[in-house]
Each structure stands twice: as structure tokens, then as C-alpha cells.
Amino acid sequence: MKRPRPPSPPSISAAAKPPLSPPPTPILKQKLQRTGAPKWLPLKLTQTELTLPLTFPTGQTFRWKQTGPVQYSGSIGPHLVSLRQRPGDDDTVSYCLHCSASPKAAELAVLDFLNAEISLAELWSDFEIKDPRFGEVAKHLRGARVLRQDPLECLIQFLCSSNNNIARITKMVDFVSSLGLYLGEVEGFEFHQFPSLERLSRVSEDELRKAGFGYRAKYITGTVSALQSKPDGGDEWLLSLRKLDLQDAIAALCTLPGVGPKVAACIALFSLDQHSAIPVDTHVWQIATRYLVPDLAGAKLTLKLCSRVAEAFVSKYGEYAGWAQTLLFIAELPAQKALLQSSQSIQLIFEYNGSAVVAMVGKNCFAIASDRRLGVQLQTIATDFQRISKIHDRVFIGLSGLATDVQTLYQRLVFRHKLYQLREERDMKPETFASLVSAILYEKRFGPYLCQPVIAGLGEDDKPFICTMDSIGAKELAKDFVVSGTASESLYGACEAMYKPDMEAEELFETISQALLSSVDRDCLSGWGGHVYVVTPTEIKERILKGRMD
């Protein structure tokens, strides 16, 4: 699950000591500001590995600001960095350096901060095997990554977070950050290097109280003093906790003023490589009593029960249980909860009528098939529903999904093809028709047709063409077979087992028929026989299959 970790960037404590207060002189600011257009460089992290909105505004760090639609900016040691993720960039994360003495060191620092050595896809796959519910959540929230922050920075932030709300925590963290070296400005936000222990030691409890820290002021000044008293220095002492077992690291953190088990677990997880740390708060407690330890539902959360919840997570998910807990926690946030409910509702609508559609290529021919059942969930309404339609003699389309949208979309496609015939005096090529379908679906992306097309056709050189797409027109081309509908998982397996290249028309019919019938037998929402078309350059064969009718 781990990739080789790049060399760790220099410790913040090793950087130049910041002055007593943020430098006010415009000359210094001018030197630090970038000139010209920002240069964006790829990080080679896709949305599966990192989704910025699921990582930064989720309570791991309070120093990063949203400076664009899917763009976040912050400082990593002495480097001022922006990260962004845009559909036009194939969802790959890019970074821009606004202030850095060493671009190479900055890139290594960014990768280290993002925990890039850990493969999220492999972790998620392992978690899905251990917990099917995790798979359902992760399907909609992929890319939620645990950060690897500087321990001192993380410690001070979570001291500010105790019994606090996001807005007030952010205000406190901004005040502490402003004590460090000014790095620059991005989209109206000023950014500073996080102050060193030496700089923090010159801030009095009274100053912090006047800044609105309340009782937390004594914890911050007390923690700074405790760290400065460590023999090798506070920064080195904190970094040394990365080498300890989880319980020893948490016990060591709890010796600092204001650090309890929950804050210690947050610091351990988000900065000390303690991937099995479980910060237990009321949200995590509710998740645990709902899915992991239901026998504790209704009990009052105590220190002993916190330990039991942490043990339950580790028992379920293993050494990276903290990453699993982080995703489940994010799923409980109001914005993500709404997204999950919306996604699940749409998925239920896709499955409302049931369907199974498959297309397969042969030697200068293709076959397309579907089941014949129309249902309302488990109730069968009709047993002769037409899902496959002929556009012209060499192009067919199969539509799975909501039956009313299937019929509406088909009528619109027929209309558009007839207009094309009138204007061009010829039929559409399969590739052209696929582009038309994709454009129509994308046009309606904010109120989509709830169906998934499967398109099959023969080109001018009698070469078969097949593709499928989602409800907003993202095409998936294939050279063997494509599937859609509620029986998709079974169809994939059956087609993988039975398909072979360059089949003649009759063998292709036998193969697609067997794949369809064996698959719908395993799906309660599709079935009642099948409807198969086999198309060659010279003829179209249409056949009705008899299957289980229950």
C-alpha cells in the first residue's frame, strides 16, 4: 500500500527564525510576491487518490484557504503553495509555487504533506472487502486523504480546537500563523510560515487571552514551555513520537498541558504517522454505535468506552483504521451527507424499472441484447418491454434505466437522426451517432435523462463499433463488449468468461445469449427472457430468447 516516501523536507524549526511580528515593510512583501502568471505543475495524483474538497475543509487543518472553485492555498514550511483540481486537467491535482527558495524541495514537501506514499485506491479496496458499507460510502467520496502535517503546527491547531467551532478555531489559528514569517498573498488571503517554538515562547498568556483564546491561552503557553524544556528541543521530541507505538505516542502527548486523549489521537493521526489512531468525538461515537458496537447505543461516552470504540475500528479495518474512520467522519458532515443521499436517490431511480443490456463484437459483425422485463422494483409490470431500437440498418441503441426516460430519449434521438438524414442525405456513422447521444446527454446534465445507453454499429469498412456512456454522456469505448443496467456486475463476469475475439455471427449469437440469460438469472430486477439482434454487413437477425419467468 505504500510507495517509497520521498526525502522528508527540512523541519520547520530548521528554517530561518521569524521576526517578532509580521514584517510591515512593503519592500519585503514585494520581494516575496510572485511575478507573472502562475505556473501550474502536475502532481500525478488523480481524483481517486486525492479529492481536495474532501481533504482540506474537513477538520484536519485550519490553515488552508479556498482560493478558487476547487483550489486551496496554504504554507508548508517556508513554501507558499496552491493546489487545484479541475475537470479539464483530467481531475489530476496540480500545484503552483507562490513563494519558495527551492522548487524541488517544495515539491517534496507537498508530496510529504499529502502522504503521497500511501495508495488510497489499495486502502479503499481493502476496506471494501472488510466492510461492504464502507464500499457504498467510498463510491461517492473517493479521494478523502489523511494529511501528514508538521507536528508542532498540528499540535497548536488542535489545542485551539478544544470545545470550539470552525469559525473561531480558524480565527485563532490565523492569529498564531500571523506571528510567523510573511510569505505572500493569494486571492486576498495573506499567508505566513508557521512560527517556531522560539517565536511562540515570546507570546504571553495575556496576549492570547486578549486575542480571544480564553482558557486555551494557558494551555498553549504551557505546552510551548513544556516543549522548550525537552533535552533535544520540542521539535525533535515531537518528531521522535513518529517512531513510537500508538499508545506510547498518545501517552507522551497527554503529558502536555491541555492535551487529552481525543486531541492526542488527532495529532497522532494527522502528523505522527500513527495510522490506526481513532479520535473519538460524538460524531465518531454515533458512527460506532450504529455500525460497529450497537450494544453500546444509548450509553454515555466515557474514557473507557472511547478505548473500546478505537479497538472496534482497528479490529474492523486494521492498521490504517484511522483513514477509514476519517472517511466515515467526512460522510457525516452535512454537505457530504446531502451528497450521499442525493447519489443514493439517483441510484435507486436507475434501478427502479430494472434492466440488462449488453453489446458484443464479432468478425465484421456485432450483437446487442437486452432482457424483456419492465418492473416497478420487485413487481413485474410487463414482459415484452423494448429496450433495443434500430436507428438504421447499421446502428442500434440499447437504453437501460428509468423506462419513461428511455422512451423520451429514444424519440429525441430518432428525430435528430431524421434531421441529419434530410440535411446530409445519408445515415450517421456509429461514431457520429455516439457523439450525438453524448452531446444530448451532456446538454441535460443538470437534470439528466436517467438512462445509460449502449450503442453498437458497423462502420463504412464493416468494422464493428460499440460503446456505452453514463447519464451525462461520458463515453466508454470497447473492442470486445459493453454492458449496462442492474445486471451489469453479472454481465461483466459472464462476458469475461465467454467472450473470444473474431467470432462468426452464429457463434456470437450463442455467446451473447448465454451471457445474458446466465446474468439475468442472478438479478431479481431483470429477466423474462431476452431480445437479441445480430447484425452483419448483409443481414439483420432478430431473435427472442426464452428464460426464467419468475
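This one's a predicted model, so the numbers in the text were calculated from it and none came from an experiment. (Residues numbered from 1 in each chain as written. Predicted model: local features only at pLDDT ≥ 70, side-chain atom pairs only at ≥ 80, totals over all residues. Heavy atoms only, no water.)

Q: Help me out: how do you make sense of the packing of helix 5 (residues 151–160) against helix 6 (residues 166–177) in this one?
A: Any two packed helices are characterised by how steeply their axes cross, that is the angle between the axes, and by the distance between the axes. In the contact formed by helix 5 and helix 6, the axes pass within 9 Å of each other and the chain directions differ by 140°. Between helix 5 and helix 6, the angle falls in the class oblique. As helix 5 packs across helix 6, the resulting crossing turns out to be right-handed. Contact residues: Ile-156, Gln-157 and Cys-160 in helix 5; Ile-169, Met-172, Val-173 and Val-176 in helix 6. (Axes fitted to C-alpha atoms, helices over the stretch in contact; angles between N-to-C directions. Helix = DSSP H or I, 4+ residues; strand = E, 2+ residues; numbered from the N terminus. Parallel < 35°, antiparallel > 145°, perpendicular 65-115°, else oblique. Left-handed = near helix turned anticlockwise from the far one by under 90°. Contact = heavy atoms within 4.5 Å.)

Q: I'm lost on the environment of Ala-211 in this one. Help?
A: When you line up the elements, Ala-211 lands in the loop between helix 8 (205–210) and helix 9 (216–228). Given a relative accessible area of 28%, Ala-211 falls into the partly exposed group. Separated by 40 residues in the primary sequence, Ala-211 and Lys-171 have C-alpha atoms spaced 9.2 Å apart. (Buried < 20%, exposed > 50% of the residue type's maximum accessible area, 1.4 Å probe, protein only.)

Q: Even after reading the chapter, I still don't get the packing of helix 13 (residues 282–291) against helix 14 (residues 303–317), so can you show me in this structure?
A: Between helix 13 and helix 14, the least distance of the axes is 10 Å, while the angle of their chain directions is 60°. In terms of orientation, helix 13 lies oblique with respect to helix 14. Two packed elements cross with a definite hand, and for helix 13 against helix 14 that hand is left-handed. Taking contact as the criterion, the partners of Val-284, Trp-285, Ile-287 and Ala-288 in helix 13 are, on helix 14, Leu-305, Val-309 and Phe-313. Along the lines of polarity and charge, the residues of the contact of helix 13 with helix 14 split into seven nonpolar, no polar and no charged. (Nonpolar A, V, L, I, M, F, W, Y, C, P; charged D, E, K, R; others polar.)

Q: I tried to follow the confidence of the model for the protein chain on my own but got confused; where do I start?
A: Atom-level detail of predicted coordinates should not be read off regions where pLDDT is low. Of all residues in the protein chain, 89% have pLDDT values of 70 or greater, and the mean over the chain is 87. Every residue in residues 6–36 scores below 50 in pLDDT, and together they form 44 contacts with partners more than four places removed in sequence or on other chains. (pLDDT = per-residue confidence, 0-100.)

Q: What is the right way to read the environment of Arg-394 from this model?
A: Along the chain, Arg-394 falls in the loop between strand 12 (388–392) and strand 13 (395–401). Given the relative accessible area of 24%, Arg-394 is considered partly exposed. With 28 residues separating them along the chain, Arg-394 and Phe-366 place their C-alpha atoms 9.7 Å apart. Beyond its immediate chain neighbours, meaning those up to four positions away, Arg-394 contacts Phe-366, Ala-456, Gly-457, Leu-458, Gly-459, Glu-460, Asp-462 and Pro-537.

Q: Where do I start with the packing of aromatic side chains in this structure?
A: Each aromatic ring pair is specified by the distance between its two centres and by the angle formed by the two planes. Under the definition given, this model contains 19 aromatic pairs. With a centroid separation of 6.3 Å and an interplanar angle of 70°, the aromatic rings of Tyr-320 and Trp-323 are classed as edge-to-face. Residue class for Trp-323 comes out buried when judged on its relative accessible area of 0%. A connected cluster of aromatic rings, assembled from ring pairs, spans Trp-124, Phe-127, Phe-134, Phe-313 and Tyr-317. Over the ring of Trp-40 we find Arg-84; its NZ or CZ atom is 4.2 Å from the centre of that ring. Sitting above the plane of the Trp-237 ring, Lys-230 keeps its charged end 4.3 Å from the centroid. (Phe/Tyr/Trp six-rings, centres within 6.5 Å; stacked < 30°, edge-to-face > 60°. Lys NZ or Arg CZ within 6 Å of the ring centre and 35° of its normal.)

Q: Please clarify how the sheet that holds strand 4 (residues 79–85) should be interpreted in this entry.
A: Adjacent strands of a sheet pair through backbone hydrogen bonds, lying either parallel or antiparallel. With antiparallel pairing, the five strands of this open sheet are ordered in space as 1-5-4-3-2. Lying at the two open borders of the sheet, with one neighbouring strand each, are strand 1 (40–42) and strand 2 (65–68). Here the strands of the sheet are splayed against their neighbours by 35° on average, with no regard to which way each runs. Relative to strand 3 (residues 71–76), strand 2 runs antiparallel, the two sharing three bridges. Across the sheet, residue Lys-65 finds its bridge partner in strand 3, namely Ser-73. Helix-sheet contacts for helix 2 (residues 103–113) involve strand 3, strand 4 and strand 5 (93–99), and the interaxial angle to strand 4 is about 60°. (Pairing = 2+ DSSP bridges.)

Q: Looking at this model, I keep getting lost on the sheet that holds strand 12. Mind explaining?
A: Read across the open sheet, the five strands follow the order 12-13-14-15-16; overall the sheet is antiparallel. One side of each edge strand has no neighbouring strand; the edge strands of this open sheet are strand 12 and strand 16 (475–478). Between one strand axis and the next, the sheet turns by 20° as a mean value, whatever way the strands run. Against the sheet, helix 17 (residues 403–424) engages strand 12, strand 13 and strand 14 (451–458), with an angle of about 155° to strand 13.

Q: Teacher, can you tell me more about a nonpolar patch on the surface here?
A: On the surface, Phe-415, Leu-419 and Leu-422 cluster together into a nonpolar patch covering about 340 Å² of accessible area. In this structure, Leu-422 sits in helix 17. (Patch = residues over 30% accessible without salt bridge, like charges linked within 9 Å, V, L, I, M, F, W, Y side chains within 5 Å. Areas by Shrake-Rupley, 256 points an atom, 1.4 Å probe, with all protein chains shown as cover. Salt bridge = Lys/Arg side-chain N within 4 Å of Asp/Glu carboxyl O.)

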